[in-house]
Amino acid sequence: MSTIDEDRLNVSIRKFLKAVGITSQREIEKAVREAAESGSLPEAQKLQAKMTLSIPALGLEHVVDHDIDTGT
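Residues numbered from 1 in each chain as written. Predicted model: local features only at pLDDT ≥ 70, side-chain atom pairs only at ≥ 80, totals over all residues. Heavy atoms only, no water.

Caption draft 1: How the structure looks around the overall build of the chain. A tally of helices and strands in the chain yields one helix and two strands. Starting at the N terminus and walking to the C terminus, you meet the elements of the chain as α-β-β. Here the C-alpha radius of gyration of the chain, 17 Å, is well above what a compact globule of 72 residues would show, namely 11 Å. With the principal axes as the frame, the chain shows a C-alpha extent of 55 × 20 × 15 Å. Per-residue burial over the chain gives 3% buried out of 72 residues. Here the contacts in the chain between residues at least 6 apart in sequence split such that 27% fall between residues at least 24 apart. For the chain, the accessible surface area stands at approximately 6,600 Å², while carbon and sulfur atoms represent 55% of it. Across the chain, the centroid of the 9 positively charged side chains sits 7 Å from that of the 12 negatively charged ones. (Helix = DSSP H or I, 4+ residues; strand = E, 2+ residues; numbered from the N terminus. Rg over C-alpha atoms; globule rule 2.2 N^0.38 Å. Buried < 20%, exposed > 50% of the residue type's maximum accessible area, 1.4 Å probe, protein only. Contact = heavy atoms within 4.5 Å. Areas by Shrake-Rupley, 256 points an atom, 1.4 Å probe, with all protein chains shown as cover. Lys, Arg positive; Asp, Glu negative; His and termini not counted. Charge placed at Lys NZ, Arg CZ, Asp CG, Glu CD.)

Caption draft 2: Spotlight on the pairing of strand β2 (residues 60-69). Of the strand pairs in this sheet, strand β1 (residues 46-55) and β2 are connected by ten bridges, and their pairing is antiparallel. Across the sheet, the residue bridging to K50 is D65, located in β2. (Pairing = 2+ DSSP bridges.)

Caption draft 3: Geometry of helix α1 (residues 6-38). Compared with the 48 Å implied by 1.5 Å per residue over 33 residues, the 48 Å span of α1 between its first and last C-alpha is a close match. Capping the start of α1, D5 holds a side-chain oxygen 3.2 Å from the backbone nitrogen of D7, two or three residues further along. One or two residues past the end of α1 sits G39, with phi positive at roughly 80 degrees. (Expected span 1.5 Å × (residues − 1). Polar contact = N/O pair within 3.5 Å; in protein donor to acceptor, adjacent residues only side chain to side chain.)

Caption draft 4: Structural detail: the environment of I28. One can find I28 in helix α1. Exposure remark for I28: the relative accessible area of 37% places this residue in the partly exposed category. The spatial distance from the C-alpha of I28 to the C-alpha of K46 is 13 Å, given a sequence separation of 18 residues.

Remember, this is a structural readout, not a statement about activity or role.
This is the structure we're talking about:
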């Protein structure tokens, strides 16, 4: 059985999650702005969002469902 460098793993996971968070936020903001500018933003103040994390080598699939409040 191999040992895990917990610190290295933690840093690597944090870097991944930071990249996911930053790029996802930019894409969501861009899509909301474009929809608002084109008049196609739904009237509902909340948008259903779903994020799926998968790591095939580990057989991991994790889904997070959340509503995003546009404040409109």
